[in-house]
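# Fold and geometry: a report
The primary structure of each chain is shown beneath.
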Amino acid sequence: MNEFFLLVFLALGGSAVAGSVRVVNQGNEVLVERLGSYNKKLGPGLNFVVPFLDKIVYQQTIREKVLDIPPQKCITRDNVGIEVDAVVYWQIVDMEKAWYKVENLQAAMTNLVLTQIRSEMGQLELDKTFTARSQINEILLRELDIATDPWGVKITRVELRDIVPSQTVRESMELQMAAERRRRAAILTSEGERESAVNTARGKAEAQILDAEARQKSTILQAEAQQKSIILQAEAERQQQVLKAQATAEALQVITNALNGQPGAQEALQFLLAQSYLDMGTKIGSSDSSKVMFMDPRTIPATLEGMRSIVADASHPSFGGLKNEQR
């Protein structure tokens with residue numbers, strides 16, 4: 001009997017010793033109750049508990065976990081039915097609160113996320129639910145983090161995965177998008193035609209301006225050329241007349257010197273002057289600018305008489321001496 005009791009005692013003692021040793025893996029935490037009340041929390045590594053008095057009631061990881069939210073039907077602000085699903089990243093930061101503050105933590109978080117998604121989607125119109133996805137994620141993250149803080153849970157990230165309207169709404173959206181594309185194509189086509197017309201008109205206007213400027217410059221150059229030609233021609237005619245006058249004067253001087261002292265020299269000189277006068281009238285009458293020349297025959301003797309006095313003065317010795325002095 002003594003041996004039997006000894007074996008029983010050793011067996012119970014070995015079982016108690018084995019039950020008092022607990023090994024917790026890295027990243028996990030364990031809650032221990034003693035006689036039905038919370039006693040302590042076991043961290044990673046080797047831990048010891050009191051056999052038959054301490055009881056492990058909750059063991060969970062403190063690493064970040066993923067909560068997959070199934071598709072949920074929502075109603076937008078403009079009464080359009082959509083289905084939304086999401087992914088929530090979370091972790092336990094206080095193991096005691098996660099066990100004692102809420103029952104079935106994961107189910108509670110799922111219902112809380114679904115309720116918050118319905119609330120946020122109900123405040124937006126359908127078009128804004130697609131463009132404001134990042135804003136919705138930030139709002140959900142903030143609201144869920146505040147709501148789960150009493151449970152010892154930290155929400156690290158919330159992402160809406162799919163926002164799916166109903167089949168009827170999708171068909172209407174496709175028709176609307178097709179109409180919008182046609183409208184944009186028509187606008188782009190009209191803008192292209194307008195720009196082409198504007199460019200064409202602008203090109204024509206610039207071409208006309210350049211042509212007018214070219215004609216203006218050509219006209220100015222022609223007028224300047226004609227003006228210079230007229231000036232040069234007038235200058236040439238003037239020089240020609242000056243040369244002719246000088247030649248005539250020199251010729252008369254030579255004739256006067258040659259006939260000086262000769263009998264009949266005065267009558268010969270008068271004859272030459274009269275002939276030159278008549279030749280000048282003939283040239284004037286034959287020019288393009290003077291078609292008709294009126295000459296009173298009665299003035300011819302008076303003209304010849306004036307020339308005779310000039311010749312007489314030129315043949316006077318004092319006149320010759322004056323000419324010599326002028327030379």
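Residues numbered from 1 in each chain as written. Predicted model: local features only at pLDDT ≥ 70, side-chain atom pairs only at ≥ 80, totals over all residues. Heavy atoms only, no water.

The predicted coordinates should not be examined in detail at positions where pLDDT is low. Per-chain confidence: the chain averages 78 in pLDDT, with 72% of residues scoring 70 or above. A low-confidence stretch, residues 317–327 (pLDDT under 50), is modelled with five contacts involving residues beyond four sequence positions or located in other chains. (pLDDT = per-residue confidence, 0-100. Contact = heavy atoms within 4.5 Å.)

Let us now look at the nonpolar core. Formed by 35 residues in total, the largest nonpolar core has its most connected members in Leu105, Ile117, Met121 and Leu160. Those elements giving two or more residues to this core turn out to be β5 (54–61), β6 (65–75), β7 (81–92), α2 (95–100), α3 (105–121), α5 (133–148) and β8 (153–165). Counting residues per element, this core draws most heavily on α3, which supplies seven residues. Residues contacting leucine 160, with those up to four places away along its chain left out, are Val84, Asp85, Ala86, Ile117, Met121, Arg133, Ile136, Asn137 and Leu140. With five residues, the next largest nonpolar core counts Val30, Val32, Leu42 and Val49 among its residues. (Core = buried A, V, L, I, M, F, W, Y, C linked by side-chain atoms within 4.5 Å. Buried < 20%, exposed > 50% of the residue type's maximum accessible area, 1.4 Å probe, protein only. Helix = DSSP H or I, 4+ residues; strand = E, 2+ residues; numbered from the N terminus.)

What follows deals with the packing of aromatic side chains. All told, the structure shown has three aromatic pairs when counted by the stated rule. Between tyrosine 58 and tryptophan 99, the ring centres sit 4.8 Å apart and the planes meet at 25 degrees, which makes this aromatic pair stacked. Of this pair, tyrosine 58 sits in strand β5 while tryptophan 99 sits in helix α2, placing them 41 residues apart in sequence. Judged by relative accessible area, which is 14%, tyrosine 58 ranks as buried. Classification of tryptophan 99 as partly exposed rests on a relative accessible area of 34%. Taking 6.5 Å as the distance between ring centres and 80 degrees as the angle between the ring planes, the aromatic pair formed by tryptophan 99 and tyrosine 100 counts as edge-to-face. According to the relative accessible area criterion, tyrosine 100 is partly exposed, its value standing at 37%. (Phe/Tyr/Trp six-rings, centres within 6.5 Å; stacked < 30°, edge-to-face > 60°.)

Ordered in space as β6-β7-β8, the three strands form an open sheet in which the pairing is antiparallel. The outermost strands of the open sheet, each flanked by one partner alone, are β6 and β8. Taken pair by pair, the neighbouring strands of this sheet meet at an average axis angle of 20 degrees, ignoring direction. The strands that α3 touches are β6, β7 and β8; relative to β6, the one it contacts most, it runs at about 40 degrees. (Pairing = 2+ DSSP bridges. Axes fitted to C-alpha atoms, helices over the stretch in contact; angles between N-to-C directions.)

So, on to unusual backbone geometry. The backbone of leucine 35 shows a phi angle near 55 degrees, a positive value even though the residue is not glycine. When you line up the elements, leucine 35 lands in the loop between β2 (28–34) and β3 (37–42). With a relative accessible area of 70%, leucine 35 lands in the exposed category.

As summarised here, the arrangement of the three strands in space is β3-β2-β5, forming an open sheet in which the pairing is antiparallel. Edge positions in the sheet fall to β3 and β5, since each has one partner strand and no second. Strand-to-strand twist of the sheet, defined as the mean angle between neighbouring strand axes without regard to direction, takes the value 25 degrees. As paired elements, β2 and β5 share seven bridges and run antiparallel to each other. Its bridge partner lying in β5, arginine 34 is registered against aspartate 54.

Mapped onto the elements of the fold, asparagine 28 is located in strand β2. Here asparagine 28 falls in the buried class, since its relative accessible area comes to 14%.

So, on to α5. The first and last C-alpha atoms of α5 sit 22 Å apart over 16 residues, in line with the 22 Å expected at 1.5 Å per residue. Ile136, Asn137, Leu140, Leu144 and Thr148 are the residues of α5 that are buried. One face of α5 carries all of its buried residues, which in axial projection span an arc of 100 degrees. Exposed residues lying more than 90 degrees from the buried face of α5 are Gln135, Glu138 and Ile146. Buried residues along α5 sit against α3, α4 (126–131) and β8. (Expected span 1.5 Å × (residues − 1). Arc of directions from axis to C-beta.)

A few words on the pattern of salt bridges. Applying the stated criterion to the full structure yields nine salt bridges. Here lysine 154 and aspartate 145 are joined by a salt bridge, their closest N and O atoms 3.1 Å apart. Glutamate 180 is the partner of arginine 184 in a salt bridge, and the nearest nitrogen-oxygen pair spans 3.2 Å. With a gap of four residues between them, arginine 184 and glutamate 180 both fall in helix α6 (residues 167–259), about one helical turn apart. Residue glutamate 180 is classed as partly exposed on the basis of its relative accessible area, which comes to 28%. (Salt bridge = Lys/Arg side-chain N within 4 Å of Asp/Glu carboxyl O.)

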